[in-house]
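# Structural overview
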Amino acid sequence: MDISQTNKPIINGTSTTEEIVRNSNEISIHSTTNDDRKSTQQSLQSLVDKKKLLRKIDSRLLLTLAVMYCLACLDRTSIGNARLAGLENNLGLYGNQFQISLAVFYIGYVLFQIPSNMVIKKFTPSKWIPALMVAWSVVLCCMAAVKNFGGLIATRLLLGVAEAGFVPGAFFILSMWYKRSQCAIRFSLFHSGSFLSGAFGGLLAYFITKYMDGKGGLEGWRWLFLLEGLTTFIFSLVSFFILPNFPETATFLTVQERDYWVTCLRKDDCTLNDSQHYKIDHHSLYLVVKDSKIYIVMLIGIFVTTAFHSIALYLPTVIHSMGFDPLKSQLLTVPPYFTGWCISLVITLHSDKTEERSFHLIFGGCLAIIGFFGLAMFENINLLYASTFFCTTGLSTFLPILGAWICCTFSTPHDKRAIALAMVTSFSNISGVLASMLYQTNDGPRYCK
């Protein structure tokens, strides 16, 4: 036998034979580790009731954020109800001053969304989001004390700054807690806060402006701002104790539930390992800016949210222009919002089950187009009112599915997703300025031009 064939060369002090053995051991260890992980996941799955776990997460995270969003939308759009209760006359507003007071909200709202999502990891969502809520509730209470146009402008500007970080921050933390196939229905339930605020906001405004007007020497619209602000402030204090951070640190879950859910999320690529330790910085912003898809989404967003803000701010006014008295107009805003919310839940649930977004987005957009077309073309009051149902249904369907699509498209890394959500939300809300100016007083009662 040839000795040169049996004695292998030495490489870095280790024979090739030893190297092969070591590599074989590493492969064996790696294989064992993968088997262990599969075994661990299977054992955890047997210990965890998935449906119960999802209900637990929904009731703690989703429900809390939905209530917060409901209050946020109620606070920012209550000025539309206050207008019908005499705000313009009491403050001596004339011309387009009311529209300006609506538009100024979006200056701070747009400018501070991206910075807010860049610091949310530093301060943690469970502290940052409730702190924002405390801020805007205080500002809303201050709106009850305004005496003139200048005071209204100042408080609306500050309200926009305080609310700016909530929606992108909420979308971010929701996307960190749910798999991609579960996002659309959750975003729809989150958005239900907006549409339910439209529904019950009109009902609430009706009773407050009717029965509190003149109490304590305050007009009904002042009581509206004050009571809504106090409600928001109380819930913001509660949310400090119930809003969770990230799945890896969730204390309201058992150890088995937390380990199982984190494993599921990582397998779905919705989160990265130890996501609470990653920083969101300028590099995250660069990753988004160089991705061309973000600009397409931003363009879609600005068109859709123009329609959304138009309905949110002016639906009481549009219904009032159909010939109904102010108080009845407040009540008639309830059915369109509630119907739109119910139908949107069905459509977004179907989108999640089929894991399809594009055609569901198109369907929602078509419903909204039919609604706005009807408002512009019909003369009959019944048809005009029916058109508002199409508007609310289409918009309440389109927006949550768009949010789910963004989370899937910019799924990793998660810091890129946070900035993408903030950029789309921020740019889209520029449309709030446009929407505020669409329904000029001189164009009433039909607002067709």
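The rules we used
- Residues numbered from 1 in each chain as written.
- Predicted model: local features only at pLDDT ≥ 70, side-chain atom pairs only at ≥ 80, totals over all residues.
- Heavy atoms only, no water.
- UniProt positions renumbered as here; feature names shortened; annotations may be inferred.
- Helix = DSSP H or I, 4+ residues; strand = E, 2+ residues; numbered from the N terminus.
- Expected span 1.5 Å × (residues − 1).
- Buried < 20%, exposed > 50% of the residue type's maximum accessible area, 1.4 Å probe, protein only.
- Contact = heavy atoms within 4.5 Å.
- Polar contact = N/O pair within 3.5 Å; in protein donor to acceptor, adjacent residues only side chain to side chain.
- Salt bridge = Lys/Arg side-chain N within 4 Å of Asp/Glu carboxyl O.
- Axes fitted to C-alpha atoms, helices over the stretch in contact; angles between N-to-C directions.
- Parallel < 35°, antiparallel > 145°, perpendicular 65-115°, else oblique.
- Left-handed = near helix turned anticlockwise from the far one by under 90°.
- Nonpolar A, V, L, I, M, F, W, Y, C, P; charged D, E, K, R; others polar.
- Phe/Tyr/Trp six-rings, centres within 6.5 Å; stacked < 30°, edge-to-face > 60°.
- Bend = angle between axes of the 7 residues up to and from the residue.
- Patch = residues over 30% accessible without salt bridge, like charges linked within 9 Å, V, L, I, M, F, W, Y side chains within 5 Å.
- Areas by Shrake-Rupley, 256 points an atom, 1.4 Å probe, with all protein chains shown as cover.

Labelled according to an unreviewed UniProt entry, the chain appears under the name Major facilitator superfamily domain-containing protein, originating from Gigaspora rosea. The record held by UniProt for the chain lists under Subcellular location (unreviewed entry) the comment "Membrane".

Taking 1.5 Å of rise per residue, 15 residues should cover 21 Å, and helix H9 (residues 149–163) covers 21 Å from first to last C-alpha, within 8% of that figure. Restricting attention to buried positions, one finds in H9 the residues Leu 152, Ile 153, Thr 155, Arg 156, Leu 159, Gly 160, Ala 162 and Glu 163. Contacts made by the buried residues of H9 are with helix H3 (50–84), helix H4 (87–91), helix H5 (97–103), helix H6 (105–111), helix H8 (125–143) and helix H10 (166–177). Its side-chain oxygen placed 3.2 Å from the backbone nitrogen of Gly 150, Asn 148 serves as the N-cap of H9.

Turning to the side chain of Glu 88, a few remarks are in order. For Glu 88, the location among the structural elements is in helix H4. Side chain to side chain, Glu 88 and Arg 83 meet in a polar contact 3.0 Å long. If sequence neighbours within four positions are ignored, Glu 88 has contacts with Arg 83, Leu 93 and Phe 98.

In this section: the pattern of salt bridges. Evaluation of the coordinates by the stated rule reveals seven salt bridges. Residue Lys 56 is joined to Glu 257 by a salt bridge in which the shortest nitrogen-to-oxygen separation is 2.9 Å. Separated by 201 residues along the polypeptide, Lys 56 in helix H3 and Glu 257 in helix H13 (residues 255–268) bring together distant segments of the chain. Note on Lys 56: relative accessible area 25%, which makes it partly exposed. When its relative accessible area of 9% is taken as the criterion, Glu 257 is described as buried. Linking Arg 83 and Glu 88 is a salt bridge whose minimum nitrogen-to-oxygen distance equals 3.0 Å.

A few words now on the packing of H8 against H10. Following both chains from N to C, one finds H8 and H10 inclined at 155°, their axes separated by 11 Å at the closest point. Taken together, the axes of H8 and H10 are roughly antiparallel relative to one another. Handedness of the H8/H10 crossing: left-handed. In this structure, H8 contributes Pro 125, Ile 129, Leu 132 and Trp 136 to the contact, and H10 contributes Phe 166, Gly 169, Ala 170 and Ile 173. Class assignment of the residues belonging to the contact of H8 with H10 gives a composition of seven nonpolar, one polar and no charged.

Once that is clear, we can look at the packing of aromatic side chains. For the structure on display, the rule yields 17 aromatic pairs. Between Trp 136 and Phe 166, the aromatic rings sit 5.7 Å apart at their centres with planes inclined by 70°, giving edge-to-face as the arrangement. Taken as a pair, Trp 136 in helix H8 and Phe 166 in helix H10 lie far apart in primary sequence, 30 residues in all. The class for Phe 166 is buried, based on a relative accessible area of 1%. Taking 6.1 Å as the distance between ring centres and 15° as the angle between the ring planes, the aromatic pair formed by Phe 207 and Tyr 211 counts as stacked. Separated by four residues within a single helix, Phe 207 and Tyr 211 lie in helix H11 (residues 183–211), roughly one turn from each other. Look at Tyr 211 and you get partly exposed, because its relative accessible area is 47%.

It is worth spelling out unusual backbone geometry at this point. Here the phi dihedral of Thr 124 falls at roughly 70°; this positive angle occurs in a residue that is not glycine. Looking at where Thr 124 falls in the secondary structure, it is placed in the loop between helix H7 (113–123) and H8. Note on Thr 124: relative accessible area 22%, which makes it partly exposed. Even without glycine at this site, Glu 355 takes up a positive phi of about 55°. Assignment of secondary structure puts Glu 355 in the loop between helix H17 (334–354) and helix H18 (358–377).

The subject of this paragraph is helix H15 (residues 293–320). With 28 residues, H15 should reach 40 Å at 1.5 Å per residue; the first-to-last C-alpha distance of 41 Å fits that figure. At Tyr 314, H15 is bent by approximately 70°, the largest bend along its length, and proline Pro 316 sits one to four residues beyond. Summarising burial for H15: 21 of the 28 residues are buried, a large majority.

Time to look at a nonpolar patch on the surface. There is a patch of nonpolar side chains on the surface, built from Val 138, Phe 233, Ile 234, Leu 237, Val 238, Phe 240 and Phe 241 and spanning about 650 Å² of accessible area. Counting residues per element, the nonpolar patch draws most heavily on helix H12 (residues 220–242), at six residues. On the basis of relative accessible area, Val 238 is assigned to the partly exposed category, the value being 40%.

Moving on: the packing of H15 against helix H19 (residues 381–409). With their axes 10 Å apart at the nearest point, H15 and H19 run at an angle of 150° to one another. Considering the angle they form, H15 stands roughly antiparallel to H19. Considering only the axes of H15 and H19, their crossing is left-handed. Mapping the contact onto sequence places Lys 293, Val 297, Ile 300, Gly 301, Val 304, Thr 305, Ala 307, Phe 308, Ile 311, Leu 315 and Ile 319 in H15 and Tyr 385, Thr 388, Cys 391, Thr 392, Leu 395, Phe 398, Leu 399, Leu 402, Trp 405, Ile 406 and Thr 409 in H19. Its residues placed into classes, the contact of H15 with H19 shows 16 nonpolar, five polar and one charged.

We now examine the environment of Phe 98. With respect to the helices and strands, the residue Phe 98 is situated in helix H5. Between the C-alpha atom of Phe 98 and that of Leu 152, which follows or precedes it by 54 residues, the distance is 9.3 Å. Not counting residues up to four positions away in its chain, the partners in contact with Phe 98 are Ile 79, Arg 83, Leu 87, Glu 88 and Leu 93.

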